[in-house]
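# Descriptive analysis of the structure
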Amino acid sequence: MFILTTIEDLVQLKPSVLNQNPEKTVKDAINEKYSNKIIYNVGLCICMWDLLGASDGMIGHGTGLVNVNVEFRLLVFRPFRGEILSGKIKHSDSEGITMDLSFTSEIIIPASNLFPNSTFSLAEGVWVWRTDDGTELFLDKGEPALFRVESEIWEDQQPGVVRRGEDGKVVFERGSAWRVVGSMALPGLGPTLWWAEQDEEEGEGEDQGLLEGEGEDEEMIED
């Protein structure tokens, strides 16, 4: 789910921080520039992991900013395909479900990736899965759930990139630079409450079977 990636870059330090600890000021500048940012084809940057090296600072003409060449490692969120992740259901609509991982909500579960016989209830605003025996199971908002990572959607955010809709017209609103596409169409996926209740029912059935077996043994002994 999390990876380390090495980056070389130039960071600029303000004159007001030059009297502070040099290593701390460099780390703060890196975190300010990268934390909670998405790097194209890399992932969502969480924070700096460690500083590998830094050059001597060079003061820029006219600005007073100190330019420092740095090499560092970033902690990046980039789940791999097939990985099982846990989150909470944030939003549901006719197109699918949005998941929340507390630090990002760029997780979508398309309607096609839900269990068969799942329908969206307009009245409840949630998806409902009707099982083979007719039981209705709800994917309620805020419910903890498991999902499987299937793919990623990347969108280049460079100013020169033109986005077009399905009708071919230019779309001026920029979407998310990166989203994870997941699924809940396998046994054990979806709200964890579903499977916890099933395990409890199976456990009660096994306990009942053991008790009945004990009674039969006792009768045989008495005979």
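Right above here is the structure, for reference.
Presented here is a report on the structure given in the accompanying data block. A quick note: this is a predicted structure, and the numbers were derived from the prediction, not measured.

### Some points on the sheet that holds strand 10 (residues 126–130)
- Strands sit in the order 9-10-11 across an open sheet of 3 strands; the sheet is antiparallel. One side of each edge strand has no neighbouring strand; the edge strands of this open sheet are strand 9 (118–121) and strand 11 (136–139). When strand polarity is set aside, the average angle formed by the axes of neighbouring strands in this sheet is 30 degrees.
- The pairing of strand 9 with strand 10 spans 4 bridges and is classified as antiparallel. Of the residues in strand 10, the one forming a bridge with Ser 121 is Val 126.

### Quick word on the environment of Ile 59
- Note on placement: Ile 59 falls in strand 4 (residues 58–59).
- Residue class for Ile 59 comes out exposed when judged on its relative accessible area of 61%.
- Beyond its immediate stretch of four places on either side in the chain, Ile 59 contacts Gly 64, Leu 65 and Val 66.

### Describing the pattern of salt bridges
- If you walk through the whole model with that rule in mind, you get 7 salt bridges.
- A salt bridge links Glu 150 to Arg 148; the shortest N-O distance between them is 2.8 Å.
- What makes Arg 148 partly exposed here is its relative accessible area of 25%.

### Description of the pairing of strand 12 (residues 144–154)
- Pairing of strand 6 (residues 84–93) with strand 12, which is carried by 5 bridges, proceeds in the antiparallel orientation. Bridging across to strand 12, Leu 85 finds its partner in Phe 147.
- When strand 12 meets strand 16 (residues 190–191), the two strands line up antiparallel, connected through 2 bridges. If you follow Leu 146 over to strand 16, its bridge partner there is Gly 190.
- Where strand 12 lies against strand 15 (residues 178–183), 6 bridges are found, and the strand directions are antiparallel. Following the sheet pairing, Val 149 is matched in strand 15 by Gly 182.

### Quick notes on helix 1 (residues 22–34)
- With 13 residues, helix 1 should reach 18 Å at 1.5 Å per residue; the first-to-last C-alpha distance of 19 Å fits that figure.
- Within helix 1, the full set of buried residues consists of Thr 25, Val 26, Ala 29, Ile 30 and Tyr 34. Projected down its long axis, helix 1 shows its buried positions confined to an angular sector of 150 degrees, all on one face.
- Looking at the buried side of helix 1, the elements it contacts are strand 1 (2–13), strand 2 (38–39), strand 3 (43–54) and strand 5 (66–77).
- Just downstream of helix 1 lies Asn 36, where phi reads positive at about 65 degrees.

Parameters and conventions
- Residues numbered from 1 in each chain as written.
- Predicted model: local features only at pLDDT ≥ 70, side-chain atom pairs only at ≥ 80, totals over all residues.
- Heavy atoms only, no water.
- Pairing = 2+ DSSP bridges.
- Helix = DSSP H or I, 4+ residues; strand = E, 2+ residues; numbered from the N terminus.
- Axes fitted to C-alpha atoms, helices over the stretch in contact; angles between N-to-C directions.
- Buried < 20%, exposed > 50% of the residue type's maximum accessible area, 1.4 Å probe, protein only.
- Contact = heavy atoms within 4.5 Å.
- Salt bridge = Lys/Arg side-chain N within 4 Å of Asp/Glu carboxyl O.
- Expected span 1.5 Å × (residues − 1).
- Arc of directions from axis to C-beta.

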